[in-house]
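In case you want the letters, here they are:
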Amino acid sequence: MDPADLPEPGAVLTHERTFTPDEVRAFADLSGDRGEHHERPDDEGRLLVHGLLTATIPTKIGGDLDVLARTMTYDFHRPVYTGQYVECEVTIDAIDRRDDRADVEASVACHVAGELVLTGSFDGVVLA
């Protein structure tokens, strides 16, 4: 993305999705995180989604903007389970445009059924 085409500060970008058991298992294979809590279904037959898998939702938005991340900070407030619909908002907090790039700062809030499950922030650069 051309840095000049980035949204202005205050813009809110959204993405939502529901994770499946197969995706949790694939993430366990890729990450090597095989904690029992991710592999054993709960009483409702759901798997606990890895926190970093949940964090791929705002990462997708950063990717849409072509942000090369420098830092990412996440706080995980509540568990997310397979089959739950996760809604995520990324708010553009600041953009410093230069001739060859733009520095971007953004904040993140993700919810399941109105309950906050993940908050955080990231900053990075979009190159021209």
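## Description of the overall build of the protein
Phase 1 of the analysis: Within the protein, the regular secondary structure consists of four helices and five strands.
Phase 2 of the analysis: Order of helices (α) and strands (β) in the protein, N terminus to C terminus: β-α-α-α-α-β-β-β-β.
Phase 3 of the analysis: Reported as C-alpha extents along the three principal axes, the dimensions of the protein are approximately 55 × 30 × 20 Å.
Phase 4 of the analysis: Residue pairs in contact within the protein that sit at least 24 positions apart in sequence constitute 69% of those at least 6 positions apart.
Phase 5 of the analysis: Here the protein displays about 7100 Å² of accessible surface, and carbon together with sulfur accounts for 48% of that area.
Phase 6 of the analysis: The distance from the centre of the 11 positive side-chain charges to the centre of the 26 negative ones in the protein is 4 Å.

## With respect to the sheet that holds strand β5 (residues 115–127)
Phase 1 of the analysis: Strand order in the open sheet formed by five strands is β1-β3-β4-β5-β2, with antiparallel pairing between adjacent strands. In the strand order of this sheet, the two ends are held by β1 (12–18) and β2 (68–76), each with one partner. Across the sheet, the mean angle separating the axes of adjacent strands is 20° when strand polarity is ignored.
Phase 2 of the analysis: Sheet topology note: the strand β4 (residues 101–112)/β5 ladder contains twelve bridges and is antiparallel. Along β5, the bridge assignment pairs Val112 with Glu115.

## As for the pattern of salt bridges
Phase 1 of the analysis: The final tally for this structure, using the stated rule, is 14 salt bridges.
Phase 2 of the analysis: Residue Asp42 pairs with Arg46 through a salt bridge whose shortest N-O separation is 2.8 Å.
Phase 3 of the analysis: Note that Asp103 and Arg101 form a salt bridge whose closest N and O atoms lie 3.2 Å from each other.
Phase 4 of the analysis: Take Asp103: its relative accessible area is 12%, and that puts it in the buried class.
Phase 5 of the analysis: Given the relative accessible area of 24%, Arg101 is considered partly exposed.
Phase 6 of the analysis: When salt bridges that share partners are traced, they join Arg70, Asp96, Arg98, Arg101, Asp103 and Asp123 into one network.

## As for the side chain of Asp123
Phase 1 of the analysis: Within the fold, Asp123 resides in strand β5.
Phase 2 of the analysis: Among the polar contacts made by the side chain of Asp123, one reaches the side chain of Thr71 at a distance of 2.3 Å.

Definitions and cut-offs
- Residues numbered from 1 in each chain as written.
- Predicted model: local features only at pLDDT ≥ 70, side-chain atom pairs only at ≥ 80, totals over all residues.
- Heavy atoms only, no water.
- Helix = DSSP H or I, 4+ residues; strand = E, 2+ residues; numbered from the N terminus.
- Contact = heavy atoms within 4.5 Å.
- Areas by Shrake-Rupley, 256 points an atom, 1.4 Å probe, with all protein chains shown as cover.
- Lys, Arg positive; Asp, Glu negative; His and termini not counted.
- Charge placed at Lys NZ, Arg CZ, Asp CG, Glu CD.
- Pairing = 2+ DSSP bridges.
- Axes fitted to C-alpha atoms, helices over the stretch in contact; angles between N-to-C directions.
- Salt bridge = Lys/Arg side-chain N within 4 Å of Asp/Glu carboxyl O.
- Buried < 20%, exposed > 50% of the residue type's maximum accessible area, 1.4 Å probe, protein only.
- Polar contact = N/O pair within 3.5 Å; in protein donor to acceptor, adjacent residues only side chain to side chain.

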